[in-house]
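Architecture and fold: a report
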Amino acid sequence: MSSPVYTALKIFLRQVTGNYFRYIHVTGVENMPMEGPTILCCNHSNQFMDGMLIISQCPRPLSFCFAASSYNKPIVGYLAKKINVIPVYRAEDSKMNGKGKIIMTSSTDIQGFNTKFISDVKKNKNFNLGIHSILVQKKYKLIVEKVIDEEHIKVRSDEKIFEILKKEKNNFTYIPKIDNSLMFKETCKKLKEGKAICIFPEGTSHDRTHLLQLKPGVAYIALEAMANYGVKNIKLISCGFSYYSRDEFRSDLVLEFGVPFEIPETFGETFKVNKKQAIDLVLRVVEAQMRSVILTAPTYKEYMFIKMLRNLYIPSNIELPAEKQTDLARRISYIFNLQRDNQKAKKIKLKVMKYMDPLEKLGIEDSDLKDITLNYNLLLKRFIFSLLLLIINLIFTSPMLILLTPLMLFVRNKAEKERHKALEKNPNKLEARDVVSSVKVVTFVKYLPPFGILWMLFIQFLLNNILYQYTNKQYTMIKIFFIGCISFMIYGYISINIIDSLKYHFETLKTIFYYFVVPKGIDNLKDMREKLV
């Protein structure tokens, strides 16, 4: 049974995520085991938003393994402590730039120039267990075997890395040894108590279109609990997030729960004699489960190509639910990967990419083009109709837009700054789009109360000044507060939903405008689409 704090947080986060996203499609939720030791494994493609969605949508209370670096964050850290989240210390969060430069003299030896391998780390409390590895050029990790002196280190590497790093002196970064023994004990205790824990096996949030290499922690926790804590019948279940424009307000997502897998007791026995083999077995199961609930691709371009193939495959007179669209995209991806080297498949890819390029340049979605009827009179009527609705919606939402526009601009600017910081810090990110939504939501919630007060003042002015002239009635502060709160929530909710209409009519106007300006270009794109279909 969940605690009152967890229940309150679940209700709150359901409202927050429900307002941020336009549609949240949850499938397979009936697969979630409601009792017994369970490990829920999720892909991690939208930072704190992933955790918010899991808490709000999973029917069972969960304990989270949570990056210790986020414990100091004002809102997220406070809530994490209140629901007994288990902190995970990550070496990447405590890394430190080294002084001087280094060069590899062999595949096992590093020569330093003006370095202080011993003195540098003594000054930093994060390195009280020593140096785990050295990061060079932000991507080559050299495992430290022994620190000999201030300018010499023995490392574990290979000849390929040596050939690259022997050519010139490089800047470098220290990565510390981390002790997470307490975290492992806590998670094993939770499983022994028959509780469910949620883990993101990739170890970090990212915006890539494929899974990162899974960390062994999830496997170690399960096997340690079986081998040394006597826990039986541990179930692994995956949950996949498929976001449609993950960093955009009022976008869509599919959250899919997979089929649970009960870890055989033989895995625990294997762990006692051969840890690496047992961990590899569990990791293979976890990876297969996670791949079954998400769409992955080697590059972003191919990811968009698979989505376009899906769009072209679906007949224009059929409207598939988002969860079925995601499943169809996975099936198409699987078939395409089997036929990747086939000449026919290569030609199809070339034609589809040729169709996608002008769409991207014009800023038009395939769905917009698909719905356009190439009749000048009809398009003109549709243009006028969409323009009128756009103006009406703008007028209706203008008070809320005027009030919250400064906050929205501030939130957007803050999210962009945090995105750039994350991009510099983490080489696993492509554009760091995975941090944007989380920053937007946390910042918006943090700074919303002052704007709520402004709304109260507006209501007070409306009731006791404007309406007073007609009713000759003064409202008390308690009534103003009550009316202000109710009106702010209702009007805000209506305005949020009208934003969807604004976006739709704006996109419609933009597409029709392009047709009026360059009709032949739109005609050609329509012909290309029909041939591809």
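Residues numbered from 1 in each chain as written. Predicted model: local features only at pLDDT ≥ 70, side-chain atom pairs only at ≥ 80, totals over all residues. Heavy atoms only, no water.

Right, let's get into the packing of aromatic side chains. Scanning the model with the defined rule gives 17 aromatic pairs in all. Ring geometry for F127 and Y174: centres 6.2 Å apart, planes at 80°, overall edge-to-face. Of the two residues, F127 sits in the loop between α4 (117–122) and β8 (131–136) while Y174 sits in strand β11 (residues 172–176), which places them 47 residues apart along the sequence. The class of F127 is buried, set by a relative accessible area of 4%. The structure contains a cluster of three or more aromatic residues connected by ring pairs, namely Y20, F21, F241, Y243 and F249. We note K169 situated over the ring of F113; from NZ or CZ to the ring centre the distance is 4.1 Å. (Phe/Tyr/Trp six-rings, centres within 6.5 Å; stacked < 30°, edge-to-face > 60°. Helix = DSSP H or I, 4+ residues; strand = E, 2+ residues; numbered from the N terminus. Buried < 20%, exposed > 50% of the residue type's maximum accessible area, 1.4 Å probe, protein only. Lys NZ or Arg CZ within 6 Å of the ring centre and 35° of its normal.)

The interhelical angle for the contact between helix α8 (residues 265–273) and helix α9 (residues 275–291), taken along N-to-C directions, is 145°, at an axis separation of 6 Å. Within the contact between the two elements, α8 uses F267, T270, F271 and V273 and α9 uses K275, Q277, A278, I279, L281 and V282. In terms of residue class, the contact of α8 with α9 is made up of seven nonpolar, two polar and one charged. (Axes fitted to C-alpha atoms, helices over the stretch in contact; angles between N-to-C directions. Contact = heavy atoms within 4.5 Å. Nonpolar A, V, L, I, M, F, W, Y, C, P; charged D, E, K, R; others polar.)

Our next topic: the environment of L281. Topologically, L281 is positioned in helix α9. The exposure class assigned to L281 is partly exposed, which follows from its relative accessible area of 23%. For the pair formed by L281 and S2, sequence separation is 279 residues and the distance between their alpha carbons is 32 Å.

The interhelical angle for the contact between helix α1 (residues 4–20) and helix α15 (residues 436–466), taken along N-to-C directions, is 120°, at an axis separation of 12 Å. In this structure, the crossing between α1 and α15 has a hand that is right-handed. Here F12, V16 and Y20 of α1 lie close against α15, whose contacting residues are S437, K440, V441 and V445. Of the residues that constitute the contact of α1 with α15, the class distribution is five nonpolar, one polar and one charged. (Left-handed = near helix turned anticlockwise from the far one by under 90°.)

Right, let's get into the nonpolar core. Formed by 36 residues in total, the largest nonpolar core has its most connected members in L40, I54 and L62. Per element, the largest residue contribution to this core is six residues, and it comes from helix α2 (residues 47–57). Excluding residues that lie within four positions of it along the chain, L40 makes contacts with M32, I54, L62, I197, C198, I199, I237, S238, C239 and F257. By size, the runner-up hydrophobic cluster in this structure holds 35 residues, among which are V88, V231, V282 and L283. (Core = buried A, V, L, I, M, F, W, Y, C linked by side-chain atoms within 4.5 Å.)

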